[in-house]
Amino acid sequence: DTAVSQTPKYLVTQMGNDKSIKCEQNLGHDTMYWYKQDSKKFLKIMFSYNNKELIINETVPNRFSPKSPDKAHLNLHINSLELGDSAVYFCASSTDSGSASYEQYFGPGTRLTVT
Amino acid sequence: GENVEQHPSTLSVQEGDSAVIKCTYSDSASNYFPWYKQELGKRPQLIIDIRSNVGEKKDQRIAVTLNKTAKHFSLHITETQPEDSAVYFCAAGGNYQLIWGAGTKLIIKP
């Protein structure tokens, strides 16, 4: 009965590869997010989706592409992986409809290591 | 652009003492101020939040104060315990996007 789940938990891959991270929430929330947390622990918003529509797309390389097949899922696909992509990626969800005024529930994170 | 500044970046306190973490925000339209705690290797989790129509909120050993005029808000933890060791993030929201502070690593010394 996990609220926000991500797979995989760990991902080790080589530069140049393409990989995907999956996220699912069973809270019935309208909004989902992807964050990147680097080694300095700073939480950087990457994308935000509300009812399957993109509402935030921060300055991230276009190698990163989010896909939301339905309200409960937001997957992150990364092309041509680079060393600097190594980080922990968190998915989150919220009942928020875009006002950023409600609690965000985070998934357990995916630690991506690019070698 | 909007930003949230958080201080200090690291805070070391003796067990049983109080800890205070401060944040300032730039967007006057912000009306929601959550605090998240992230233990080592875990996900961030909300511990307390406050809205702009309230000046102070308390939940057991933790409290948050908000000064809208000065655009700053603070997290207060009293009687600190070893399990309070974590990274704490402040954030400001209510205007389309939640803006996060850089985090404070709180160390509780035995």
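Residues numbered from 1 in each chain as written. Chains lettered and ligands numbered in written order. Predicted model: local features only at pLDDT ≥ 70, side-chain atom pairs only at ≥ 80, totals over all residues. Heavy atoms only, no water.

## Observations concerning unusual backbone geometry
Piece 1. Between T7 of chain A and the following residue, P8 of chain A, the backbone shows a cis peptide bond with an omega angle of -5 degrees.
Piece 2. As for its position among the elements, P8 of chain A is in the loop between β1 (4-7) and β2 (10-13).
Piece 3. Of note, S80 of chain A is a non-glycine position whose phi angle comes to about 45 degrees, a positive value.
Piece 4. Note on placement: S80 of chain A falls in the loop between β8 (73-78) and β9 (87-94).
Piece 5. Here S80 of chain A falls in the partly exposed class, since its relative accessible area comes to 38%.
Piece 6. Although it is not a glycine, E79 of chain B adopts a positive phi angle of roughly 45 degrees.
Piece 7. Residue position: E79 of chain B is located in the loop between β8 (72-77) and β9 (86-92). (Helix = DSSP H or I, 4+ residues; strand = E, 2+ residues; numbered from the N terminus. Buried < 20%, exposed > 50% of the residue type's maximum accessible area, 1.4 Å probe, protein only.)

## Comments concerning the state of the cysteines
Piece 1. Tallied over the full model, the rule gives two disulfides over all chains.
Piece 2. Covalently, C23 of chain A is tied to C91 of chain A through a disulfide, its sulfur atoms 1.8 Å apart. What sets the handedness of the C23 of chain A and C91 of chain A disulfide is the S-S torsion sign, and at about -75 degrees it is left-handed. Here C91 of chain A lies in strand β9 and C23 of chain A lies in strand β3 (residues 19-25), a separation of 68 residues in the sequence. Assigned by exposure class, C23 of chain A and C91 of chain A land together as buried.
Piece 3. With a sulfur-sulfur separation of 1.9 Å, C23 of chain B is cross-linked through a disulfide to C90 of chain B. Note on the C23 of chain B and C90 of chain B pair: the S-S dihedral is about -100 degrees, so by sign convention the disulfide is left-handed. Of this pair, C23 of chain B sits in strand β3 (residues 19-25) while C90 of chain B sits in strand β9, and the two are 67 residues apart along the sequence. Across the pair, exposure class does not vary: C23 of chain B and C90 of chain B are buried alike. (Disulfide = S-S within 2.5 Å.)

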